[in-house]
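Here is what each chain is made of, one letter per residue.
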Amino acid sequence: MKDDNKLSLWERYITKEIGIEFKACLYFFAILFFYCVYRMLQGSFEAGIAHMAQMIVTCYVIGYIQVYLFGNFDEADSLKTKECIGIIVCTCLYCIVSYIFGWFDGRITVTLIMAAYILITYICVFFIYRSKRRIDDKKLNDELRLFQTEHKKSES
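None of these values were measured; they are calculated from a predicted model.

Which residues make up the overall build of the protein chain, and what values do they have?
Along the backbone of the protein chain there are four helices and zero strands. Overall, the protein chain shows an N-to-C arrangement of helices and strands of α-α-α-α. Its C-alpha radius of gyration of 21 Å places the protein chain more than 25% over the 15 Å reference for a compact globule of 156 residues. For the C-alpha atoms alone, the extent of the protein chain along its principal axes is close to 75 × 35 × 30 Å. The 156 residues of the protein chain split such that 33% are buried. Within the protein chain, residue pairs in contact and separated by at least 24 positions form 70% of the contacts whose partners lie at least 6 positions apart. Taken as two groups, the 18 positive and 17 negative side-chain charges of the protein chain have centres that lie 5 Å from each other.

Shown next as structure tokens:
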């Protein structure tokens, strides 16, 4: 007999896929912002479509790596060894891809600055997710207390 409170295989899968989709969009925006600032500092107000396509594909691939190999480290409860390794590996992957495809014209300094930027982004996202979980927990606990109070009233 199936427990209705447990998520089905499909529900678990689709939850992970939605999370990866969200991560890809979030990190794509962050990287695209960095790329556009770089381009503007170079005197160009145009961004390469090929570079943007490479960025979004990279964000999806790294999203899968992040979720399936490193346990979704930006949504973890704390940053332990596995999460820190995941952050470093994924940051390095972004930098390697950016260098190979010439997003920053092969400039190592800019690539290293992007690495620092991505590390900061990962840490900020980790704290945002953690804060969101705490707020959601408080809301759920408040709703539970309200429900229990209402339930006790209806029993009386």
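After presenting the structure, the write-up continues.
Requested: an account of unusual backbone geometry, with residues and values cited.
Phi at N72 is positive, roughly 60°, even though this residue is not glycine. With respect to the helices and strands, the residue N72 is situated in the loop between α2 (49–69) and α3 (81–100). Of note in this structure, D105 is not a glycine but carries a positive phi near 55°. Assignment of secondary structure puts D105 in the loop between α3 and α4 (108–155).

With reference to specific residues and values, describe a nonpolar patch on the surface.
A cluster of nonpolar side chains, contributed by W10, Y13, Y64 and Y68, occupies part of the molecular surface with about 460 Å² of accessible area. Counting only elements with at least two residues in the nonpolar patch, the list comes to α1 (9–41) and α2. Assignment of secondary structure puts W10 in helix α1.

Any details on the side chain of D74? Residues and values, ideally.
Examined against the element boundaries, D74 turns out to sit in the loop between α2 and α3. On the basis of relative accessible area, D74 is assigned to the buried category, the value being 0%. Reaching out from D74, the side chain makes a polar contact with the side chain of Q66 at a distance of 2.9 Å. Discounting residues that sit within four places of it in the chain, D74 has contacts with K23, Y27, Q66, V125, F126 and Y129.

Conventions adopted
Counting restarts for each chain, with residues numbered from 1 along the sequence as it is written. Given that this is a predicted model, residues contribute local features only at a pLDDT of at least 70 and side-chain atom pairs are listed and counted only at 80 or more, while totals for whole chains, interfaces and linings are drawn from all residues. Calculated side-chain values reflect all of the structure's heavy atoms, with hydrogen atoms and water omitted. Strands are runs of DSSP state E lasting at least two residues, helices are runs of H or I lasting at least four, and both sets are numbered from the N terminus onward. We compute the radius of gyration from the C-alpha atoms alone; for a globule the expected value is 2.2 Å times N to the 0.38, where N is the number of residues. When a residue's accessible area, from a 1.4 Å probe over protein chains only, is under 20% of the maximum for its type it is buried; when over 50% it is exposed; and in between it is partly exposed. Every residue pair with non-hydrogen atoms within 4.5 Å of one another is taken to be in contact. Note on charges: Lys and Arg go in the positive column, Asp and Glu in the negative column, and His and the chain ends are not counted at all. By convention, the point assigned to a charge is CZ for Arg, NZ for Lys, CD for Glu and CG for Asp. Patch rule: a residue counts if its relative accessible area is over 30% and it has no salt bridge; like charges are joined within 9 Å, and nonpolar side chains (Val, Leu, Ile, Met, Phe, Trp, Tyr) within 5 Å. Surface exposure here means Shrake-Rupley accessible area, sampled with a 1.4 Å probe, where a residue is shielded only by the protein chains that are shown. A pair is scored as a salt bridge if a Lys or Arg side-chain nitrogen falls within 4 Å of a carboxyl oxygen belonging to Asp or Glu. N or O atoms within 3.5 Å of each other form a polar contact, as long as, within protein, one can give a hydrogen and the other can take it, and as long as residues adjacent in sequence are counted only when both atoms are side-chain atoms.

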